[in-house]
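Report on the structure
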Number of protein chains: 4
Amino acid sequence: MLEDKRLWEDPIDFDKPKEECGVFGIISKSEEAGKAAYFGLFALQHRGQESAGIATFDGNTIKLHKDMGLVAEVFNEQILSNLKGNMGIGHVRYSTTGSSLAINAQPLVFRYSKGMLALAHNGNLTNVIELRKTLTDNGSIFQTSTDSEILVNLLARHCQNSMEEAIMKSMIDIKGAYSVVVMTENKLIGFRDPNGVRPLCIGKLEDGYVLASESCALDIIGAEFIRDVEPGEIVVLTVDEITSINTVANKKKCTCVFEYIYFARPDSNIDNYNVNFVRRAMGRQLAREYPVDADVVISVPDSGTAAAKGYAEESGIPFEEGLIKNRYIGRTFIQPTQKMREQGVRLKLNPIRQVVEGKRVVMVDDSIVRGTTSGKIVQLLKEAGAKEIHMLVSSPPIIFPCYYGIDTSCREELIAVAKSVDGIREFIGADGLHYLSLEGLLSSFNEAKEGFCSACFSGDYPIEIPREGKDKYNLE
Amino acid sequence: MLEDKRLWEDPIDFDKPKEECGVFGIISKSEEAGKAAYFGLFALQHRGQESAGIATFDGNTIKLHKDMGLVAEVFNEQILSNLKGNMGIGHVRYSTTGSSLAINAQPLVFRYSKGMLALAHNGNLTNVIELRKTLTDNGSIFQTSTDSEILVNLLARHCQNSMEEAIMKSMIDIKGAYSVVVMTENKLIGFRDPNGVRPLCIGKLEDGYVLASESCALDIIGAEFIRDVEPGEIVVLTVDEITSINTVANKKKCTCVFEYIYFARPDSNIDNYNVNFVRRAMGRQLAREYPVDADVVISVPDSGTAAAKGYAEESGIPFEEGLIKNRYIGRTFIQPTQKMREQGVRLKLNPIRQVVEGKRVVMVDDSIVRGTTSGKIVQLLKEAGAKEIHMLVSSPPIIFPCYYGIDTSCREELIAVAKSVDGIREFIGADGLHYLSLEGLLSSFNEAKEGFCSACFSGDYPIEIPREGKDKYNLE
Amino acid sequence: MLEDKRLWEDPIDFDKPKEECGVFGIISKSEEAGKAAYFGLFALQHRGQESAGIATFDGNTIKLHKDMGLVAEVFNEQILSNLKGNMGIGHVRYSTTGSSLAINAQPLVFRYSKGMLALAHNGNLTNVIELRKTLTDNGSIFQTSTDSEILVNLLARHCQNSMEEAIMKSMIDIKGAYSVVVMTENKLIGFRDPNGVRPLCIGKLEDGYVLASESCALDIIGAEFIRDVEPGEIVVLTVDEITSINTVANKKKCTCVFEYIYFARPDSNIDNYNVNFVRRAMGRQLAREYPVDADVVISVPDSGTAAAKGYAEESGIPFEEGLIKNRYIGRTFIQPTQKMREQGVRLKLNPIRQVVEGKRVVMVDDSIVRGTTSGKIVQLLKEAGAKEIHMLVSSPPIIFPCYYGIDTSCREELIAVAKSVDGIREFIGADGLHYLSLEGLLSSFNEAKEGFCSACFSGDYPIEIPREGKDKYNLE
Amino acid sequence: MLEDKRLWEDPIDFDKPKEECGVFGIISKSEEAGKAAYFGLFALQHRGQESAGIATFDGNTIKLHKDMGLVAEVFNEQILSNLKGNMGIGHVRYSTTGSSLAINAQPLVFRYSKGMLALAHNGNLTNVIELRKTLTDNGSIFQTSTDSEILVNLLARHCQNSMEEAIMKSMIDIKGAYSVVVMTENKLIGFRDPNGVRPLCIGKLEDGYVLASESCALDIIGAEFIRDVEPGEIVVLTVDEITSINTVANKKKCTCVFEYIYFARPDSNIDNYNVNFVRRAMGRQLAREYPVDADVVISVPDSGTAAAKGYAEESGIPFEEGLIKNRYIGRTFIQPTQKMREQGVRLKLNPIRQVVEGKRVVMVDDSIVRGTTSGKIVQLLKEAGAKEIHMLVSSPPIIFPCYYGIDTSCREELIAVAKSVDGIREFIGADGLHYLSLEGLLSSFNEAKEGFCSACFSGDYPIEIPREGKDKYNLE
């Protein structure tokens with residue numbers, strides 16, 4: 001029921017993995033840290049739409065505002081005018097149904113023995129059960145079900161000397177994927193797990209520095225991109241300088257490959273690759289792997305478009321906009337009745353008949369999770385007169401769950417776990433179905449094909465995963 | 001101030017003409033007229049975002065709900081469950097600031113000597129001042145400032161016999177552009193002015209008929225497109241049949257050319273032309289008229305994209321997505337501070353540096369109203385490293401106001417009135433600027449180049465305009 | 001279901017007749033007419049809680065804001081700052097479920113042949129069906145189901161000369177109860193039906209005049225009470241003076257007696273009687289008519305309190321607060337489950353056990369409509385240990401419907417229509433039940449016992465009622 | 001500015017001390033704990049209007065919902081349907097401006113080494129600074145500025161064995177006033193500080209037990225009052241039985257006397273005294289101490305009414321309702337302009353002229369904090385024609401701050417600190433002013449005059465107060 005509702009609300013986005021967070025931090029001579037964080041989070045909105053929060057330090061105390069909703073809904077002029085200060089951090093969050101509580105929103109702000117601290121976290125820790133047991137045995141209490149609160153308690157217990165030292169000690173304790181921004185009463189600190197699974201980059205302002213999950217959040221406030229934070233690196237930012245602490249000797253970068261396939265904004269650069277360009281290259285590789293005799297290439301907008309253009313480029317088959325997306329659907333959108341659905345009521349996507357009628361169509365999408373949406377789109381196109389539909393997916397089949405901060409749905413829901421490619425093709429009603437090979441995917445980046453986590457396709461997990469498996473693996 | 005705010009909220013859409021309305025009507029054996037109208041209006045949302053309304057006839061009485069806001073905001077399940085009936089009409093409305101009052105929202109529902117009537121109107125009457133004087137002299141009163149209320153009073157005064165006759169008599173009185181849907185207690189009627197300036201088409205359901213401003217509203221509820229209502233035609237719909245009354249002997253179709261250039265959805269077909277295809281053709285013609293020696297073609301998303309692709313196609317220069325649009329901006333979005341603006345805060349559009357850096361760029365947009373937004377975009381692209389920027393506009397300069405239902409801003413604000421093409425080029429900071437010729441524009445449709453109103457480019461008004469001029473021309 | 005919900009929401013107010021409106025008007029040299037009207041309506045809020053509206057004239061045009069909700073909900077600083085002007089009128093409205101639509105909210109603002117007009121009306125016309133037929137036969141249309149719109153159309157059709165003349169002519173056409181304020185572009189006019197059923201009084205400011213349904217609305221803005229508008233009188237107010245037009249030769253004042261019993265605020269004076277004092281006198285008369293051998297007098301708060309004190313005074317039995325009213329119940333209050341109800345969940349009223357335990361209790365209330373609430377209160381008191389409960393009602397049994405602007409529920413719901421006094425006593429579970437006699441009620445005012453409409457008790461209607469009866473008597 | 005706004009919004013309540021909390025707990029065989037808590041909190045709404053929260057245990061986990069706002073605003077049917085379970089606790093909170101953050105709302109729910117726990121607290125700890133230092137030195141972190149979070153951390157650190165033991169150990173550590181309800185995964189526990197400053201009572205349901213700050217919260221859900229929790233007592237409730245642990249040998253009850261004077265609902269019984277009866281007795285004592293030669297006794301509604309009636313009773317001077325309170329003022333109420341204020345705009349209270357005109361008036365109120373409101377009321381009455389006004393206050397002058405959970409404003413704002421009684425009389429413009437003596441106040445309860453905290457009048461603090469004084473005494 002819920003599923004159905006969301007399906008109709010947003011059939012495209014529904015059937016995709018879900019990113020869990022975006023983070024942002026700023027330190028400058030201006031007092032406008034709150035407003036800068038607002039714009040930064042706005043640029044990162046695609047990384048999480050359920051809650052948003054900003055904490056600023058105004059010289060005396062840390063101010064915090066966070067709530068469920070989009071950035072533009074959570075904040076208004078009056079709220080932002082209370083978030084003055086020359087330092088600030090922000091967070092946007094997506095979360096699965098069970099945990100979508102305001103209390104789990106970030107940043108977390110807390111007092112500890114040395115003063116006040118704010119923290120925002122993107123990623124997922126994999127040894128939280130052990131960590132939490134140790135902490136509660138020593139008297140810690142937990143008010144949220146987030147792994148971020150565990151991190152906060154670790155920092156508080158390790159902070160006898162400096163915060164930098166507390167972070168280093170905590171990085172020994174914790175396992176998993178994390179890109180974190182921390183604001184103390186006098187500095188802004190960012191750190192990234194030893195494999196650098198989740199992105200984090202540094203930007204420069206005239207009078208300060210910025211940290212952000214993606215470079216598009218630097219662009220929006222006019223900050224210049226400096227570099228990505230290195231795997232295992234701690235960067236300490238003041239208004240004037242960047243200090244770097246490297247915590248791992250032999251770092252092995254494993255950037256999440258799904259950031260490039262689906263999550264990140266096309267105008268972002270992550271770990272030296274521009275997202276749009278990589279997507280285009282995936283489409284070209286797909287054309288090399290699966291040339292199809294077709295009349296037109298279309299995409300499932302918006303995330304499939306870059307790969308579709310790459311496919312068209314390489315294959316020489318013309319690209320057309322074949323599906324028009326209605327962008328006015330809000331959160332409270334109403335479902336059609338059953339009768340209407342049978343009539344083919346189509347809320348979010350409408351085919352342009354002239355583009356597909358009588359044609360052999362290549363339809364490119366970036367990934368398939370459950371397959372239900374793909375099936376509906378194929379049906380729409382057939383009704384609009386398409387003669388053949390070949391679905392081409394610019395990533396391999398997803399067959400393993402992610403433990404590093406992405407909600408790929410539980411394993412039973414993944415259509416590629418239960419069905420062969422041909423079984424999926426039949427399920428969605430397409431005339432052809434091809435997935436990009438894992439090798440082909442990785443070759444879209446570079447020749448070495450290294451430096452990426454592709455565990456959801458291969459099961460080859462770069463960081464130890466919890467023994468309990470994901471189903472038992474939660475804090476609620 | 002207000003202007004600035006809107007500019008930053010939505011710099012692209014701000015600097016465009018504004019459509020004023022979309023209309024929808026349905027009659028079927030189902031009781032779900034309200035829900036069907038909801039989805040129909042949702043598909044027409046791009047034609048008006050300030051208010052929305054639906055009226056249904058439930059066998060006894062006409063129920064009405066209308067309010068300021070988007071379709072998804074104005075209605076909820078409970079409200080729709082009160083809008084039962086086998087007939088319904090709906091309306092979405094954009095309006096200029098002065099008139100954006102809930103009381104002006106449509107449909108208008110009223111009782112007259114023969115019972116109840118509901119009416120929704122897209123367009124603009126040009127002889128309202130005379131009409132209103134005559135009516136008030138005879139005791140009519142007016143509660144709104146809309147020309148639709150004048151139409152309603154005329155219908156009430158002409159309805160001694162049938163509603164069809166009342167419409168015919170009223171069409172003798174009124175001048176201007178109008179596509180209207182009317183619901184009486186037993187039929188659904190649509191009619192279009194003798195020049196057919198605003199669109200209106202007919203769709204067929206299994207058990208009834210639909211009227212809509214654009215065909216995309218038929219698609220969303222699974223209705224089959226039958227044909228457009230003819231200029232000057234009155235169509236009377238029951239569950240079983242369409243009756244047509246032709247009111248003009250020598251009709252001269254003059255469909256608003258801006259419907260194709262900017263307003264209508266690309267997946268709509270209007271008066272036998274598919275919007276997307278026409279836009280593509282305009283882009284190709286633009287390439288023929290103004291070939292540019294360039295490295296890449298980009299578009300100002302979303303409305304410039306089809307023409308940009310046509311340009312790329314004809315010129316052989318590759319098309320790339322060079323500007324990424326952030327789609328999360330809501331109504332209450334906050335402005336950056338002055339300092340941030342100087343730093344280059346870019347809320348709605350972000351260039352992909354890799355696409356434009358060091359390149360000679362052709363940037364295609366569909367139209368320019370004031371030029372301020374175009375100037376900002378050119379600046380963004382220059383900052384991202386573009387070597388040259390040639391702006392190519394897929395329509396001629398707008399130099400005359402529209403009296404037929406479009407808000408093109410007052411004449412003083414139109415940049416093309418005050419400046420030459422080269423002056424505009426200088427103002428926006430581009431290296432080149434070319435507008436599609438009027439002849440080229442019309443040739444994108446057919447060889448005869450006839451059947452369109454292009455008065456905003458040519459001043460050649462097909463219907464008499466008010467003597468008072470537009471500035472004095474209002475009912476408030 | 002709905003009934004039950006409202007019962008639990010507000011069990012006291014639910015079981016009472018409902019007033020339909022309050023009106024307010026102001027003309028002064030200040031530009032703050034909107035704000036003054038806001039405070040005036042706020043003081044009249046008890047006369048209608050479903051919608052509120054204010055119209056002001058700013059020298060050029062009439063501005064209007066109205067919506068569903070309480071005065072404090074409908075207006076905010078920004079809205080009021082748009083309602084500038086030296087003249088304004090306002091309206092609060094209660095309405096029965098079927099008609100609670102925003103479109104029926106008042107004031108009505110309209111343009112007619114002579115300019116703009118705003119009107120607010122308290123009362124009920126009794127010959128609307130005839131009036132509406134005549135008007136629609138002559139081409140008028142109606143957008144609301146209110147009799148006020150009929151009045152507006154009459155005024156527009158009679159306005160060849162002055163508005164005063166149009167009002168006089170309209171007063172010949174209309175029958176019923178009405179207290180009306182009208183604002184033209186240069187004056188404020190008030191008028192009251194020839195029997196003066198609904199109240200309307202005049203106040204003086206330093207630099208202008210005020211009209212209001214009750215004198216408490218004068219007090220709140222510091223206006224001095226001058227006098228009541230006379231039955232059949234038209235008063236025309238400018239900043240400097242009051243002009244009076246008397247339209248009836250032999251006026252027979254028939255002020256609604258329920259204004260004193262229940263509706264009006266105790267601090268108001270209506271037609272020369274202070275409401276609180278009259279209520280106190282009713283209680284004293286009740287004690288004279290029905291002396292009871294009891295230990296304590298309590299009231300059903302708040303409207304029964306004044307009469308209860310009068311009863312205590314006359315009888316010598318001490319008055320105590322025996323029932324505490326919880327004032328935090330909002331509109332969206334949640335119902336207890338069935339099990340909770342059986343346990344005696346009591347939301348709105350709680351007895352003070354020490355006051356009633358083991359006592360013979362006289363409980364005074366002002367009226368009984370359906371009797372269900374009275375029954376619940378008697379049960380509460382019994383559970384709290386009251387030995388005997390004698391309910392004493394400071395008005396006679398309601399057995400006839402009101403056609404003059406009060407919603408007494410339909411006749412079938414009136415418990416006194418179906419049951420004898422003893423039957424009602426049994427139904428509510430009291431040990432005694434006595435109603436004040438009609439003669440006793442009227443003697444609370446003066447010796448002549450004249451000048452009041454008490455048709456709901458006597459069936460003696462001072463103004464012709466519609467032939468169709470109330471059930472067919474509506475405009476929807 | 002803020003002050004002024006609140007003053008006009010609610011002039012009566014503004015000038016009173018503020019209670020900080022109300023608590024509620026339930027355990028029964030029914031699954032409706034959430035709904036019962038809702039009604040319980042609703043009855044306790046007068047103890048705190050800024051936030052409300054409920055936590056229930058559904059057999060597996062503790063569910064929590066809390067937010068800023070009134071009980072009726074914070075919860076709706078859907079939210080309550082998620083708060084199933086046979087155990088639940090709830091909290092309403094008032095807080096001073098600086099701390100009115102959603103994050104400080106209660107109940108607090110947390111996980112600790114033994115599972116989950118929820119806690120709601122009324123009162124104020126006085127040694128929080130020491131406690132917090134000790135806790136943070138041992139690694140605890142704090143997310144709120146409430147002393148309740150300190151209590152929670154203490155419980156977590158003391159819980160090696162049972163929760164009862166953890167509470168006992170924590171009661172050794174903490175100083176101050178506290179009435180607390182705690183819900184573990186299998187029991188409901190209540191405890192009260194060794195002096196019993198804040199109230200807490202026990203009620204019995206057919207199938208379970210209830211804890212509440214005041215007995216009116218038992219009445220609303222049909223629970224039978226059993227007894228008050230004793231000072232220093234811990235009560236452990238299951239569905240079947242009450243287990244009691246007494247932690248103090250020589251308890252010295254010191255119930256806050258202001259609970260009786262102003263805070264508590266008149267229908268509540270606290271520590272064996274009915275609030276209404278005590279207030280009445282205070283009024284009688286006031287009449288004995290200060291007989292005045294007057295014509296009428298009126299009260300400042302609502303809290304002064306019971307004492308006014310006592311005064312009238314004892315003195316023989318008749319009691320009348322002289323001031324009518326408008327109950328529709330909402331949170332967003334708009335201020336009158338300066339000019340209107342000078343004209344005497346009176347929003348919340350309106351005198352009945354007939355009651356006071358030409359009279360010598362005794363006006364009884366329960367307390368004076370700043371005196372500004374009293375001054376305004378005296379002025380209103382003078383304008384309404386009162387000949388003399390004697391203000392009689394049913395409590396002594398407040399001259400010491402409260403450290404036990406009441407916000408009496410800071411000491412500088414207390415008018416009785418700066419001015420003599422005659423100075424205050426002059427400030428408020430009354431002809432006479434008398435405060436009840438402390439001895440007289442205490443004699444209203446019993447002859448021994450013992451068992452109450454009256455430190456705000458006497459400075460005689462029964463529990464050690466913080467050395468830092470109140471101004472430095474906060475956690476923010």
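Residues numbered from 1 in each chain as written. Chains lettered and ligands numbered in written order. Predicted model: local features only at pLDDT ≥ 70, side-chain atom pairs only at ≥ 80, totals over all residues. Heavy atoms only, no water.

**What about the overall build of chain A?**
Check the secondary structure of chain A and you find 19 helices and 25 strands. For chain A, restricting intrachain contacts to residue pairs at least 6 apart in sequence, the fraction spanning at least 24 positions comes to 70%. Counting only carbon and sulfur atoms, one obtains 48% of the accessible surface of chain A, whose full area is about 15900 Å². (Helix = DSSP H or I, 4+ residues; strand = E, 2+ residues; numbered from the N terminus. Contact = heavy atoms within 4.5 Å. Areas by Shrake-Rupley, 256 points an atom, 1.4 Å probe, with all protein chains shown as cover.)

**Description of the relation of the copies chain A and chain B**
Each copy superposes on the other: chain A lies on chain B with an RMSD of 0.1 Å after a rotation of 180° and an axial shift of 0.0 Å. Such values leave the two copies arranged in the relation of a two-fold axis. When C-alpha distances to the rotation axis are compared across chain A, the minimum falls at A:Arg327, with a value of 4.1 Å. Both copies share a contact surface, since 100% of the interface residues of chain A are interface residues in chain B too. (Least-squares fit on C-alpha atoms with pLDDT ≥ 70 in both.)

**Describing the interface of chain B and chain C**
Taken together, the 25 residues of chain B in the interface contact 25 residues of chain C. Surface buried jointly by chain B and chain C totals about 1900 Å² across both partners, of which 52% is contributed by carbon and sulfur atoms. Considering only the side of chain B, the residues that lose the most area to chain C are B:Arg111, B:Ile141 and B:Gln143, jointly responsible for 37% of the buried surface there. There are zero salt bridges connecting chain B and chain C. If you look at where chain B meets chain C, you find four residue pairs in polar contact (both at pLDDT 80 or more). Elements supplying a minimum of two residues to the side of chain B that touches chain C: strand E6 (108-112), helix H6 (128-137) and helix H7 (147-157) of chain B. By residue class, the composition of the side of chain B that touches chain C is eleven nonpolar, eight polar and six charged. (Buried area = accessible area lost by both parts, 1.4 Å probe. Salt bridge = Lys/Arg side-chain N within 4 Å of Asp/Glu carboxyl O. Polar contact = N/O pair within 3.5 Å; in protein donor to acceptor, adjacent residues only side chain to side chain. Nonpolar A, V, L, I, M, F, W, Y, C, P; charged D, E, K, R; others polar.)

**Describing the sheet that holds strand E24 (residues 432-435) of chain B**
Residues and elements named next belong to chain B. Strand order in this open sheet of four strands is E18-E21-E22-E24, and the pairing throughout is parallel. Strands with a single pairing partner mark the edges of an open sheet, and in this sheet they are strand E18 (296-299) and E24. Ignoring strand direction, the axes of neighbouring strands in this sheet form an average angle of 20°. Here six bridges tie strand E21 (residues 360-365) to strand E22 (residues 388-393), and the two strands are oriented parallel to one another. (Pairing = 2+ DSSP bridges. Axes fitted to C-alpha atoms, helices over the stretch in contact; angles between N-to-C directions.)

**A word on the environment of B:Lys348**
All names here are of chain B. Relative to the assigned elements, Lys 348 resides in the loop between helix H13 (338-343) and strand E20 (349-351). Accessibility expressed as a relative area gives 8% for Lys 348, which makes it buried. C-alpha separation for the pair Lys 348 and Gly 59, spaced 289 residues apart in sequence, amounts to 48 Å. (Buried < 20%, exposed > 50% of the residue type's maximum accessible area, 1.4 Å probe, protein only.)

**Some words on the confidence of the model for chain A**
Residues and elements named next belong to chain A. Here chain A averages 88 in pLDDT, and 89% of its residues register 70 or above. Across chain A, the element-wise mean pLDDT spans from 27 in helix H1 (residues 2-9) up to 98 in strand E9 (residues 188-192). Every residue in residues 470-476 scores below 50 in pLDDT, and together they form 22 contacts with partners more than four places removed in sequence or on other chains. Both scores are given for the predicted complex: the pTM is 0.86, the ipTM 0.84. (pLDDT = per-residue confidence, 0-100.)

**Here's the deal with the pairing of strand E2 (residues 21-28) of chain C**
Residues and elements named next belong to chain C. For E2, the tally of buried residues reaches eight of eight residues, placing the bulk of the element in the interior. Across the two faces of E2 the burial is the same, with Cys 21, Val 23, Gly 25 and Ile 27 and Gly 22, Phe 24, Ile 26 and Ser 28 all buried. Pairing between E2 and strand E5 (residues 87-93): seven bridges, direction antiparallel. Note on E5: the bridge partner recorded for Gly 22 is Val 92. With five bridges connecting them, E2 and strand E11 (residues 208-212) associate as antiparallel partners. The residue bridging Phe 24 from the neighbouring strand is Ala 212, located in E11.

**What about the interface of chain A and chain B?**
On the chain B side, the residues contacting the 62 residues of chain A number 62 residues. Of all residues in chain A, A:Phe42, A:Tyr328 and A:Ile334 give up the largest surface area on contact with chain B, accounting jointly for 14% of the area buried on that side. On the surface where chain A and chain B come into contact, there are four salt bridges. Across the salt bridge formed by A:Glu320 and B:Arg280, the nearest N and O atoms sit 2.4 Å from each other.

**Some details on unusual backbone geometry**
In this model, B:Pro301 is joined to B:Asp302 through a cis peptide bond whose omega is -5°. By the secondary structure assignment, B:Asp302 is in the loop between E18 and helix H12 (305-315). The omega torsion across D:Gln106 and D:Pro107 is 0°, close enough to zero to call that bond cis. Along the chain, the position of D:Pro107 falls in the loop between strand E5 (87-93) and strand E6 (108-112). In this structure, D:Asp271 takes a positive phi of about 45° despite not being glycine. Assignment of secondary structure puts D:Asp271 in the loop between strand E16 (269-270) and strand E17 (273-274).

**Notes on helix H12 (residues 305-315) of chain A**
Counting buried positions along H12(A) gives eight out of eleven residues, so the element sits mostly inside the fold. Those residues of H12(A) lying buried are A:Thr305, A:Ala306, A:Ala307, A:Ala308, A:Lys309, A:Gly310, A:Tyr311 and A:Ala312.

**Let's talk about H7(B)**
Along H7(B), eleven of the eleven residues are buried, which leaves the element largely enclosed by surrounding structure. Every buried residue of H7(B) is listed here: B:Asp147, B:Ser148, B:Glu149, B:Ile150, B:Leu151, B:Val152, B:Asn153, B:Leu154, B:Leu155, B:Ala156 and B:Arg157.

**Quick look at the pattern of salt bridges**
Within this structure, the stated rule accounts for 99 salt bridges over all chains. The residue C:Lys253 makes a salt bridge to C:Asp271 at a minimum N-O spacing of 3.9 Å. Of this pair, C:Lys253 sits in the loop between strand E14 (242-246) and strand E15 (255-256) while C:Asp271 sits in the loop between strand E16 (269-270) and strand E17 (273-274), placing them 18 residues apart in sequence. Since its relative accessible area comes to 26%, C:Lys253 is described here as partly exposed. On the basis of relative accessibility, which here comes to 3%, the residue C:Asp271 falls in the buried class. Each of A:Arg47, A:Arg198, A:Glu214 and A:Glu259 takes part in salt bridges that share partners, so that together they form one network.

**Concerning the packing of aromatic side chains**
The final tally for this structure, using the stated rule, is 60 aromatic pairs over all chains. Taking the centre distance of 5.2 Å and the plane angle of 75° together, the rings of A:Tyr38 and A:Phe39 count as edge-to-face. Classification of A:Phe39 by relative accessible area gives buried; the value is 0%. Between C:Tyr178 and C:Phe191, the aromatic rings sit 6.0 Å apart at their centres with planes inclined by 65°, giving edge-to-face as the arrangement. Of this pair, C:Tyr178 sits in strand E8 (residues 176-183) while C:Phe191 is found in strand E9 (residues 188-192), placing the two residues 13 residues apart along the sequence. With a relative accessible area of 0%, C:Tyr178 lands in the buried category. Cluster of aromatic residues (ring-pair linked, three or more members): A:Phe258, A:Tyr262, A:Phe263 and A:Phe457. (Phe/Tyr/Trp six-rings, centres within 6.5 Å; stacked < 30°, edge-to-face > 60°.)

**Comments concerning the environment of C:Ala72**
Here C:Ala72 is to be found in helix H4 (residues 71-74). Sequence separation between C:Ala72 and C:Met282 is 210 residues; the distance between their C-alpha atoms is 34 Å.

**Comments concerning the side chain of B:Ser30**
You can see B:Ser30 is positioned in the loop between strand E2 (21-28) and helix H3 (33-43). A distance of 2.8 Å separates a polar side-chain atom of B:Ser30 from the backbone nitrogen of B:Glu32. With near-sequence residues (within four places) excluded, B:Ser30 lies in contact with A:Lys339, B:Gly85, B:Asn86 and B:Asp207.

**Examining the sheet that holds strand E22 (residues 388-393) of chain D**
All names here are of chain D. Spatially, E18-E21-E22-E24 is the arrangement adopted by the four strands of the open sheet, whose pairing is parallel. The sheet is open, and its two edges are formed by strand E18 (296-299) and strand E24 (432-435), each paired on a single side. When the angles between neighbouring strand axes are averaged without regard to direction, this sheet yields 20°. Pairing analysis gives four bridges linking E18 to strand E21 (residues 360-365), with the strands arranged parallel. By the bridge assignment, Ile 298 is partnered in E21 with Met 363. Where helix H15 (residues 372-383) meets the sheet, it contacts E18, E21 and E22, and its direction lies at approximately 150° from that of E22.

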